[in-house]
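Structural overview for review
Each chain, letter by letter, is given below.
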Amino acid sequence: MADQNKTKVVTIGTIQIGGPKFTVIAGPCSVESETQLRETGVSVKASGASILRGGIWKMRTSLKSFQGLGEESFQFIRKVKSEMGMPLISEVTDARQIEEVSDIVDAYQVGARNMHNYALLKELGRQPKPVMLKRNFSAFIDEWLKAAEYITNEGNEQVILCERGIRTFETATRNTLDLNAVVYAKKHSQLPVIVDPSHAVGISELVAPLCYASAAAGADGLIVEVHPSPATALSDGQQALTFESFDKMMRQLEKVLNAFDRGLNRA
Ligand code: PEP
Ligand code: MN
């Protein structure tokens, strides 16, 4: 089973991931406006999330889909972050973006589509901030663990693994959450392992049970998409939790964690 003792702790801001406490990262798929980010941050923090997420650049399947606000969001993100006192994780889709957002983000996200982008991974290994490495939807567990070595080998050992669902024959859900990968990675790697149930299942009503299952399986935390108005979200609205449903999930999650003698990391 999961061996919590040998996990190396990764620190994002002041939040320790991989220690005895469970960490919840939450926020919108994409940063859409100052108001959207602030409202979401205030709400998820009150519900017990300790790290904010929000995409600045998006890797969308279609070129016609919203690609993220990019540079125009930098100034208000800085403002909202300093008000919130909450660390932020955001995806970089290109090595040139690492420097651009180095004073905005507290941890870099490598998206599923970039798990095999070894040039990007090496660059992230040459800077000091933590990196969350998502598993590609078609990657073997072994390929995912080996991809992490492209970062650690350059000197940055602050790496978190993130299981976000894989492609299977099933089409009823967006992907299939592979909890096997979570328990396997906890056993065979010293890196903290977190779960992204939102991209794994792709349907908001099904997110909460997967959060509980991930906690029970021994994950170190979760990254969950939350939006003030999922119906009008510019990306991934169908899988976003409302403030109310996120709060309800967090109350139940604490009960699951208590059953395993674990508590929640608080911002
Ligand atoms: C995301 O976190 O919004 C995202 C695009 O995730 P993934 O890379 O797992 O598809
Ligand atoms: Mn998303």
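Cut-offs and rules
Residues numbered from 1 in each chain as written. Chains lettered and ligands numbered in written order. Predicted model: local features only at pLDDT ≥ 70, side-chain atom pairs only at ≥ 80, totals over all residues. Heavy atoms only, no water. Core = buried A, V, L, I, M, F, W, Y, C linked by side-chain atoms within 4.5 Å. Buried < 20%, exposed > 50% of the residue type's maximum accessible area, 1.4 Å probe, protein only. Helix = DSSP H or I, 4+ residues; strand = E, 2+ residues; numbered from the N terminus. Contact = heavy atoms within 4.5 Å. Near = heavy atom within 4 Å. Areas by Shrake-Rupley, 256 points an atom, 1.4 Å probe, with all protein chains shown as cover. Nonpolar A, V, L, I, M, F, W, Y, C, P; charged D, E, K, R; others polar. Donors = N, O, S within 2.8 Å, 3.2 Å for Na, K, Ca; no water.

**Some remarks on the nonpolar core**
Nonpolar side chains in soluble globular proteins tend to end up buried together. Formed by 66 residues in total, the largest nonpolar core has its most connected members in Trp144, Phe246 and Leu253. Counting residues per element, this core draws most heavily on helix α9 (residues 243-259), at seven residues. Beyond its immediate chain neighbours, meaning those up to four positions away, Trp144 contacts Met115, Leu133, Lys134, Arg135, Leu161, Cys162, Glu163, Ala181, Ala185 and Val193. Listed in part, the 13 residues of the second largest apolar core include Val10, Ala107, Met132 and Ile194.

**A look at the site of ligand 1**
All residues in the neighbourhood of ligand 1 are listed as Cys29, Arg53, Lys58, Glu91, Gln109, Gly111, Ala112, Arg113, Lys134, Arg164, His199 and Glu225. Protein coverage of the free-state accessible area of ligand 1, which is 300 Å², stands at 96%. When the residues that make up the shell around ligand 1 are grouped by side-chain class, the tally is two nonpolar, three polar and seven charged.

**Some words on the coordination of the manganese ion (ligand 2)**
For the manganese ion (ligand 2), the protein coordination sphere consists of Cys29 (SG), His199 (NE2), Glu225 (OE) and Asp236 (OD), at 2.0 to 2.4 Å. Taken in sequence order, the residues that donate to the manganese ion (ligand 2) follow the motif C-x169-H-x25-E-x10-D. Here the residue Glu225 occupies a position in strand β10 (residues 221-225), and Asp236 occupies one in the loop between β10 and α9, the gap between them amounting to 11 residues. Here Glu225 falls in the buried class, since its relative accessible area comes to 1%. Look at Asp236 and you get buried, because its relative accessible area is 11%.

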